[in-house]
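Residue-level structural notes
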Amino acid sequence: MWIDCKSIAKAIEEDVKRRITSLSFAPKLVSVVGTGDPSTASYLRSQERKAEKLGIEFEIIEASSGEFLPTLKKLAKDESVSGVFVARPLPQELDEKEVLSAVPVEKDVEGVNPTNLGLLIYGEETFPPCTAEAVVKVLENVTELSGKRVVVVGRSITVGKPLAIMLLKKGRDATVTVCHSRTQNLEEITKISDIVIVAVGKANFLKKDMVKKGTIVIDVGINYVDGKWYGDVDPAVEEIAHVTPVPGGVGQITTALLFEHVVRAAERQKR
Ligand SMILES: NC(=O)c1ccc[n+]([C@@H]2O[C@H](COP(=O)([O-])OP(=O)(O)OC[C@H]3O[C@@H](n4cnc5c(N)ncnc54)[C@H](OP(=O)(O)O)[C@@H]3O)[C@@H](O)[C@H]2O)c1
């Protein structure tokens, strides 16, 4: 069975629109981009369309490697800017940690600044990474997490690691296992899990015989192969489990949450 993610994204967007009407100014998102590859360009275009639909101002700043840090410094001071998004991958010559540390903490709508990531350890989710938060939202919508055996396949800083911490948070109380490319006998772990989250970046990676019947499966993957989009989960898994679709799943909730964070940042701005 497919899990309905559209209604979750829609509810977040409705909330965003409602909250914007209570602000005395239009929130603004600025996306800083280096040399844009086609997929980054397409993502920024979709951000632009969504911002317009929701009533959020949007600007793209193209920066050369040398301009990244000064641009972020300027945006930190600019009172007309509520949220800052840094498009990745960054140009190779830049140090990712250095750049992301320069994203102003109170405008860090993607939750990439090490301060915001570190706060997750303390259970503070001021600006959690949007994809990890999207997964938590889906799970809280469809099940009770407390005590459930959850396996997160993938340990990236963007998805796997922050997600594992968020699922462990007191109050959510999942029992979490994190797997990665060196994990042995992965299917022994996925098969005994109530919830399987896959964020590996390999099309149709999780197969039907790797999960038990009735498992909740969250597909984070977005893979473009031969002109088509694939998730990390083989569609056949849906015959025995509850699965989020790709496209139209976690991705659209992630985007909705990015804009929810922009509004959250604007609400905290003193003007
Ligand atoms: N829906 C969204 O909004 C959204 C947002 C971000 C990313 N994504 C998608 O999610 C996927 C993952 O993204 P990411 O940024 O987390 O990727 P990433 O940084 O490449 O990390 C991939 C993770 O998968 C693990 N892995 C690779 N092969 C594996 C295997 N055979 N068995 C077990 N683990 C394996 C890697 O292990 P090691 O650490 O050992 O290398 C790594 O931890 C991609 O398809 C990406 O496009 C979607």
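From a predicted model like this one, the values you see are computed outputs, not experimental measurements. (Residues numbered from 1 in each chain as written. Predicted model: local features only at pLDDT ≥ 70, side-chain atom pairs only at ≥ 80, totals over all residues. Heavy atoms only, no water.)

Remarks on the domain arrangement of the protein
When its domains are assigned, the protein resolves into domain 1 (24-113) and domain 2 (130-251). The C-alpha centroid of domain 2 is placed 28 Å from the C-alpha centroid of domain 1. (Domains from an automatic or database assignment.)

Describing unusual backbone geometry
In this chain, Arg88 is followed by Pro89 through a cis amide linkage whose omega measures 5°. The omega angle of the peptide bond from Val246 to Pro247 is 0°, so this bond is cis rather than trans. Structurally, the position occupied by Pro247 is in the loop between strand 10 (242-243) and helix 9 (250-268). Phi at Asn185 is positive, roughly 50°, even though this residue is not glycine. Its location among the elements puts Asn185 in the loop between strand 5 (175-179) and helix 8 (186-191). In this model, Asp226 sits at a positive phi of 45°, which is unusual for a non-glycine residue. Position of Asp226 among the secondary structure elements: in the loop between strand 8 (223-225) and strand 9 (228-230). Owing to a relative accessible area of 78%, Asp226 belongs among the exposed residues under this scheme. (Helix = DSSP H or I, 4+ residues; strand = E, 2+ residues; numbered from the N terminus. Buried < 20%, exposed > 50% of the residue type's maximum accessible area, 1.4 Å probe, protein only.)

Structural notes on the environment of Val99
Note that Val99 resides in helix 4 (residues 96-101). Between the C-alpha atom of Val99 and that of Leu69, which follows or precedes it by 30 residues, the distance is 6.5 Å. In this view, Val99 contacts Phe68, Leu69, Leu72, Val86, Leu90 and Leu94; residues no more than four positions away in its chain are not counted. (Contact = heavy atoms within 4.5 Å.)

Here we look at a nonpolar patch on the surface
A cluster of nonpolar residues, Ile222, Tyr224 and Trp229, forms a patch on the protein surface that exposes about 380 Å² of accessible area. Looking at the secondary structure, you find Trp229 in strand 9. Classification of Trp229 by relative accessible area gives partly exposed; the value is 45%. (Patch = residues over 30% accessible without salt bridge, like charges linked within 9 Å, V, L, I, M, F, W, Y side chains within 5 Å. Areas by Shrake-Rupley, 256 points an atom, 1.4 Å probe, with all protein chains shown as cover. Salt bridge = Lys/Arg side-chain N within 4 Å of Asp/Glu carboxyl O.)

A look at helix 9
Between its first and last C-alpha atoms helix 9 spans 27 Å; for 19 residues at 1.5 Å apiece the expected length is 27 Å, and the two agree. With respect to burial, helix 9 is a largely interior element, 15 of its 19 residues being buried. (Expected span 1.5 Å × (residues − 1).)

Quick notes on the pattern of salt bridges
Pairs may arise between side chains of opposite charge once their charged atoms sit close together. Applying the stated rule across the entire model yields 17 salt bridges. Taking the shortest distance from any N to any O, the salt bridge between Lys17 and Glu14 comes out at 3.6 Å. Placement of both Lys17 and Glu14 in helix 1 (residues 6-21) is noted, with a separation of three residues, approximately one turn of the helix. Taking relative accessible area as the criterion, Lys17 reaches 30% and is therefore assigned partly exposed. By relative accessible area, Glu14 is classed as partly exposed at 42%.

Here we look at the pairing of strand 4 (residues 149-153)
Most of strand 4 sits inside the fold, with four of its five residues counted as buried. As paired elements, strand 4 and strand 5 share five bridges and run parallel to each other. Residue pairing across strands places Val152 opposite Val178, the latter belonging to strand 5. Handedness of the crossover is the feature at issue here: the chain leaves strand 4, passes through helix 7 (residues 160-168), returns alongside strand 5, and the resulting connection is right-handed. (Pairing = 2+ DSSP bridges. Right-handed = clockwise from strand over helix to strand, strands pointing away.)

Details of the packing of helix 1 against helix 9
Where helix 1 contacts helix 9, the two axes come as close as 9 Å, and the packing angle between them is 20°. The angle between helix 1 and helix 9 places the two elements in the roughly parallel class. Crossing geometry of helix 1 relative to helix 9 is assigned as left-handed. Where helix 1 approaches helix 9, its residues Lys6, Ile8, Ala9, Ile12, Glu13, Asp15, Val16, Arg19 and Ile20 are matched on the opposing element by Gln252, Ile253, Ala256, Leu257, Phe259, Glu260, Val263, Arg264 and Glu267. Residue classes in the contact of helix 1 with helix 9 are distributed as 10 nonpolar, one polar and seven charged. (Axes fitted to C-alpha atoms, helices over the stretch in contact; angles between N-to-C directions. Parallel < 35°, antiparallel > 145°, perpendicular 65-115°, else oblique. Left-handed = near helix turned anticlockwise from the far one by under 90°. Nonpolar A, V, L, I, M, F, W, Y, C, P; charged D, E, K, R; others polar.)

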